[in-house]
Structures are given as structure tokens and as C-alpha cells.
Amino acid sequence: MRKLAVILLMTLLLLFAGCSAVPAFAPGEETSPASSAVSGAPEDPERAPDPPVEEDTTVRVTIPEGFTVLQICQRLEESGVCSGQEFFEVSQSYEPSSFTVPEDENRPYKMEGYLFPATYEFEKNSDPTDVLIEMLNAYRYRAGDLTDEQLIIASIIERESRSAENAALVSSVIYNRLDAGMMLQMDSTREYINDAVTDSPYLTGDTSRFAELYNTYKCPALPAGPICCPGERAMEAARNPAESEYYYFFFGNDNENHYSTTYEEHVAAIEEYGVQYG
């Protein structure tokens, strides 16, 4: 019996030793990344793809003070708003319902002066009529009761002045010369013909006839129509010119406007300061 008990005891010890010697994995096998994870938590699920980005169909367009209809047509087309040619054609025939734009064959661009300079947001590939209406509404809101003659004067002021103070003084020179029956002789009117009328891609026929109608070195008083689209500063100066006895002015090389009452004073000032063109 004792011998049998010893045999049984030895058998049990061998069994326990065998169990503790079993490895966790068989020799020669590698652990997978999953089985070697410390936390045992599942990996992050695959991230869902970002939703497709919707294309922005709006475009912001800035029309600076002093732009012409020609420049506005070009900017609208460059910005992808609408065709410049189509905008021009619509602007030549459109009749606003809330105010009057003169119908005058002596004006190369019917809407010159009436498209208010501002920053607009349009849809790409817009209907040119919708674009025109928005600009005309802005003009009606900003211009108020400005007359067509005042608009012509404001357009010259816009091109001839660089500050509110000078705008009012330039306005006084224009009114003083008109009252005295003098030709205006404003370089900006001559530049308008050269830059916006001659060789315009939108105008057809003989455009040379507009020179004597707009160039104030040739026409006796105001040009036949506005020479650009003026902003509020120039409009206000056209309504309320400064009180002065000035009939002459120029922009000098000292970056200042110089005003004179007589031609002799004007010539002397030019000799002293020089004239800055452009």
C-alpha cells in the first residue's frame, strides 16, 4: 500500500509539472498585432470619408469709383458673373422703372454714370439683366435726387480730384467756368474718349464723332454725358460746391492741387510746381 501511494504521488507531481510547462504559443509562431495589444480594446474603426465640398457659386466683385461702363463690362466677365458683351447690350436697351436714364444717341454708353460703384455679390453666370438691376438700385438709393447734369459734373469731379476737400474745390471751378461761359478744358474728358470710346470692343460704327461731344477742349460746355460712374463723394461735391473765385487748377508734382483765379496766376503756379499727369 505504501509503495502504491508513493507511485500515485509521483504521478500527480508529474502531471502538475507538465501543465505548467505548456507554452502560451507554439514555438516558431509570431503573435499577431491584435493578440499583442495591451489593452485588448478594438482598434479605431475606419474614419468615414469627408463629405464632398460644395462649390461656392457666388463671386464678390468690386467696382471702384471712377470705373467706366467699358471697365465694368470687362470686370464682370473676368469675374465669371456674366458676359461683358451681353451686359453691354442689356444696359443699352434697359429702361429703369423708378427713375429716368436719358435716351441720347450722343452718348456711347447709355448707363455711363448710372452704375453705382460698390462691392457686390453675384451668382456666377448670372442673368446680365439681374446684375444691371442691382447696380441701378444701388444708384437710386445712393444718388437720391441728383440731376443728370449734376451727375455729369460729378463724373468729372471723380476723375479730377483725390479728396473730399479737393472735390468741392474742383466742383467750384467747374461751376465758375460754366457760369462765365468758359470751356471747361478738363483732361479727364479727353482721356475718356481715348480710353473708353475709341477702339471699344462693344461700340460699332464711327466712334470718332464722340470726340467733339465729350472732349471739353472742343465742346463749349459740359460733355454730352457722364465720363465715368462716380461715387458718393463726387456726387456730394456736385450738389454742394465750395464757394470760391477759382477758374483754374492743376495737380502738381508735389502731389497737391493748386487753384488760381487768373490765367497768369495759373501759369506761374505751373512753372513753380510742375504738372503731374495721370
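Structure: see above.
Residues numbered from 1 in each chain as written. Predicted model: local features only at pLDDT ≥ 70, side-chain atom pairs only at ≥ 80, totals over all residues. Heavy atoms only, no water.

What to know about the overall build of the chain
Okay, so step 1: Counting its regular elements, the chain contains ten helices and four strands.
Okay, so step 2: Sequence-ordered secondary structure for the chain, helices as α and strands as β, is α-β-α-α-β-α-α-α-α-α-α-β-β-α.
Okay, so step 3: Excluding contacts between residues fewer than 6 apart, the proportion of contacts in the chain whose partners are at least 24 apart in sequence is 67%.
Okay, so step 4: Element-wise, carbon and sulfur atoms account for 51% of the exposed surface of the chain, whose accessible area totals about 16,900 Å². (Helix = DSSP H or I, 4+ residues; strand = E, 2+ residues; numbered from the N terminus. Contact = heavy atoms within 4.5 Å. Areas by Shrake-Rupley, 256 points an atom, 1.4 Å probe, with all protein chains shown as cover.)

Concerning the pairing of strand β4 (residues 257-260)
Okay, so step 1: Of the two faces of β4, the one lined by N257 and Y259 and the one lined by H258 and S260 are each fully buried.
Okay, so step 2: Relative to β4, strand β3 (residues 248-251) runs antiparallel, the two sharing four bridges. In the sheet register, Y248 faces β4, and the bridge partner there is S260.
Okay, so step 3: Following β3, the chain reverses through five residues before pairing antiparallel with β4; N255 in that reversal takes a positive phi of roughly 65°. (Buried < 20%, exposed > 50% of the residue type's maximum accessible area, 1.4 Å probe, protein only. Pairing = 2+ DSSP bridges.)

A word on unusual backbone geometry
Negative phi is the rule for most residues except glycine; trans is the rule for most peptide bonds.
Okay, so step 1: Despite not being glycine, N125 shows a phi value in the positive range, around 55°.
Okay, so step 2: Note that N125 resides in the loop between β2 (119-123) and α4 (128-143).
Okay, so step 3: Residue classification places N125 among the exposed residues on the basis of a relative accessible area of 69%.
Okay, so step 4: In this structure, D199 takes a positive phi of about 65° despite not being glycine.
Okay, so step 5: Secondary-structure assignment places D199 in the loop between α7 (187-197) and α8 (211-214).

Here's the deal with the packing of helix α5 (residues 148-160) against α7
Helix-helix packing: each pair is described by the crossing angle between the helix axes and the interaxial distance.
Okay, so step 1: The contact between α5 and α7 brings their axes to 9 Å, and the two run at 95°. In terms of axis orientation, α5 runs roughly perpendicular to α7. Taking contact as the criterion, the partners of I156, R159 and E160 in α5 are, on α7, D187, S188 and T189.
Okay, so step 2: Split into classes, the residues belonging to the contact of α5 with α7 amount to one nonpolar, two polar and three charged. (Axes fitted to C-alpha atoms, helices over the stretch in contact; angles between N-to-C directions. Parallel < 35°, antiparallel > 145°, perpendicular 65-115°, else oblique. Nonpolar A, V, L, I, M, F, W, Y, C, P; charged D, E, K, R; others polar.)

Side note on the environment of N194
Okay, so step 1: Counting through the fold element by element, N194 comes out in helix α7.
Okay, so step 2: On the accessibility criterion, N194 (49% relative accessible area) is partly exposed.
Okay, so step 3: Note: C-alpha distance between N194 and S208 (14 residues apart in sequence) is 9.9 Å.

Quick look at the environment of G231
Okay, so step 1: Mapped onto the elements of the fold, G231 is located in the loop between α8 and α9 (232-239).
Okay, so step 2: Separated by 114 residues in sequence, G231 and P117 place their C-alpha atoms 6.1 Å apart.
Okay, so step 3: Excluding anything up to four places from it in sequence, G231 contacts E65, P117 and E158.

Structural notes on the side chain of S171
Okay, so step 1: As for its placement among the helices and strands, S171 is situated in helix α6 (residues 164-179).
Okay, so step 2: With residues near it in sequence (within four places) discarded, S171 still touches I157, A237, A238 and P241.

Examining the pattern of salt bridges
Okay, so step 1: Under the criterion given, the structure shown has eight salt bridges.
Okay, so step 2: As a salt-bridge pair, R107 and D148 come within 2.5 Å of each other at their nearest N and O atoms. Placement of R107 in the loop between α3 (84-93) and β2 and of D148 in helix α5 is noted, with a sequence separation of 41 residues between them.
Okay, so step 3: Its relative accessible area of 21% is what places D148 among the partly exposed residues.
Okay, so step 4: We note a salt bridge from R239 to D145, for which the minimum N-O separation is 3.7 Å. On the criterion of sequence distance, the pair formed by R239 in helix α9 and D145 in the loop between α4 and α5 is long-range, its members being 94 residues apart.
Okay, so step 5: We classify R239 as partly exposed; its relative accessible area is 26%.
Okay, so step 6: Salt bridges here are not isolated pairs; linked through shared partners, they connect D145, E236 and R239. (Salt bridge = Lys/Arg side-chain N within 4 Å of Asp/Glu carboxyl O.)

A few points about the side chain of E158
Okay, so step 1: By the element assignment, E158 lies in helix α5.
Okay, so step 2: For E158, the side chain forms a polar contact with the main-chain nitrogen of G231, separated by 2.8 Å.
Okay, so step 3: With near-sequence residues (within four places) excluded, E158 lies in contact with E65, G66, C228, P230, G231, R233 and A234. (Polar contact = N/O pair within 3.5 Å; in protein donor to acceptor, adjacent residues only side chain to side chain.)

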